Amino acid sequence: MMLGEARPSSKRMKTVENNEGIVKQLFALIVDDDPIVRKIHSSILNSVGFIAQVASNGKKVVDLFRSGVTFDIVFIDMDMPIMNGIEATKELRAMGVTCKIVGVTSRDNEAKEAFLEAGLDFCHLKPLTVAKVTPFLEQL
Amino acid sequence: MDTVTQLQRQLVDYTNSLFLEGFLNEQFNQLQQLQDESNPDFVVEVVSLFFQDSERLLNELAKILEQKNIDFKKVDAHVHQLKGSSSSIGAQRVQRVCIAFRNSCEEKNIEGCQKCLQHVKYEYTHVKNKLETLFKLEQQVLAAGGTIPMY
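Bear in mind that the values here come from a model prediction, so they are computed numbers and not experimental data. (Residues numbered from 1 in each chain as written. Chains lettered and ligands numbered in written order. Predicted model: local features only at pLDDT ≥ 70, side-chain atom pairs only at ≥ 80, totals over all residues. Heavy atoms only, no water.)

Enquirer: Lay out unusual backbone geometry with the relevant residues and their values.
Expert: Here the amide bond leading from lysine 126 of chain A into proline 127 of chain A is cis, since omega sits at -10 degrees, within 30 degrees of zero. Tracing the chain through its elements places proline 127 of chain A in the loop between β7 (122-125) and α5 (130-139). Positive phi, close to 70 degrees, is recorded for isoleucine 82 of chain A, a residue that is not glycine. Inspection of the secondary structure assignment puts isoleucine 82 of chain A in the loop between β5 (73-77) and α3 (85-94). Accessibility expressed as a relative area gives 69% for isoleucine 82 of chain A, which makes it exposed. Unlike most non-glycine residues, lysine 108 of chain B shows phi in positive territory, near 55 degrees. Tracing the backbone through its elements, the reader meets lysine 108 of chain B in the loop between α5 (92-106) and α6 (110-143). Look at lysine 108 of chain B and you get exposed, because its relative accessible area is 56%. (Helix = DSSP H or I, 4+ residues; strand = E, 2+ residues; numbered from the N terminus. Buried < 20%, exposed > 50% of the residue type's maximum accessible area, 1.4 Å probe, protein only.)

Enquirer: Can you explain the interface of chain A and chain B? Please cite residues and give values.
Expert: With 22 residues of chain A at the interface, the matching set in chain B holds 26 residues. Carbon and sulfur atoms supply 61% of the area buried between chain A and chain B, which totals about 2,100 Å² over both sides. Linking chain A with chain B are one salt bridge, by the criterion used here. Across the pair glutamate 45 of chain B and lysine 39 of chain A runs a salt bridge, and its minimum N-O distance is 2.8 Å. For the pair chain A and chain B, the number of links is three residue pairs in polar contact (both at pLDDT 80 or more). (Contact = heavy atoms within 4.5 Å. Buried area = accessible area lost by both parts, 1.4 Å probe. Salt bridge = Lys/Arg side-chain N within 4 Å of Asp/Glu carboxyl O. Polar contact = N/O pair within 3.5 Å; in protein donor to acceptor, adjacent residues only side chain to side chain.)

Enquirer: Can you break down the UniProt feature "domain: Response regulatory" (unreviewed entry) in chain A residue by residue, with the values?
Expert: The positions UniProt marks with the feature "domain: Response regulatory" (unreviewed entry) are residues 27-140 of chain A. Across residues 27-140 of chain A, helical content stands at 46% and strand content at 22%; the span's end C-alpha atoms are separated by 11 Å. (UniProt positions renumbered as here; feature names shortened; annotations may be inferred.)

Here's what the structure looks like:
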């Protein structure tokens with residue numbers, strides 16, 4: 001980020017216009033057992049234009065999707081109690097969930113590989129930043 | 001120089017010193033950039049959460065390391081959490097000690113772990129004091145009728 005760049009506007013549109021001019025609201029889910037990380041990551045996503053919701057472990061995500069809630073993108077931590085990121089991702093893919101799932105982890109390459117193989121679209125090192133998430137906004 | 005400008009100058013200099021001395025890194029900038037009119041206390045809220053959580057983790061670690069049979073898995077899990085949260089707010093020095101701490105855990109090195117615990121407590125207390133001073137300086141600028149300079 002360049003010095004002196006303007007701060008993201010708090011009035012930033014939380015909608016995206018696609019080619020047909022149809023305006024779409026984008027929903028993101030942050031999954032992490034650390035409340036500090038949940039707060040920061042959801043704030044980052046809100047600031048670039050998503051509406052962010054949070055969940056504290058893998059089982060809650062699976063339950064959410066099972067109950068019919070959908071998201072445009074999920075950012076999921078690897079290490080969580082009850083159901084971790086790898087198990088949750090496998091479960092979501094097995095359920096037929098096709099939305100973008102991005103792994104977020106502080107672990108090394110070997111662990112990242114295993115995480116990606118579970119069905120992720122991408123894997124980022126913690127912590128997330130505005131620069132890391134902006135490309136996803138453009139892809140959706 | 002009027003009072004507000006003086007206080008702002010003090011704040012900017014103090015903030016810069018925290019980065020130069022390695023207490024904070026760019027991740028803290030990220031937090032500051034997320035603060036705006038719709039989220040005016042974001043940084044203080046996140047940092048307060050960090051203080052609460054860290055103190056809980058440090059107390060837990062002290063208890064576990066006092067046990068006769070140390071559960072290194074538990075120690076590692078707590079340190080992993082502390083490493084994660086310190087890195088997410090940019091508390092660089094704390095994060096670094098956590099990395100060394102995890103190595104001691106892996107080696108099941110009791111003395112190493114105890115030394116690391118002391119070290120991480122020290123770095124945590126240090127950055128806590130620095131951040132509290134930073135917030136006080138911000139309050140002084142606001143109380144004098146000024147605005148927090150954009151970082």
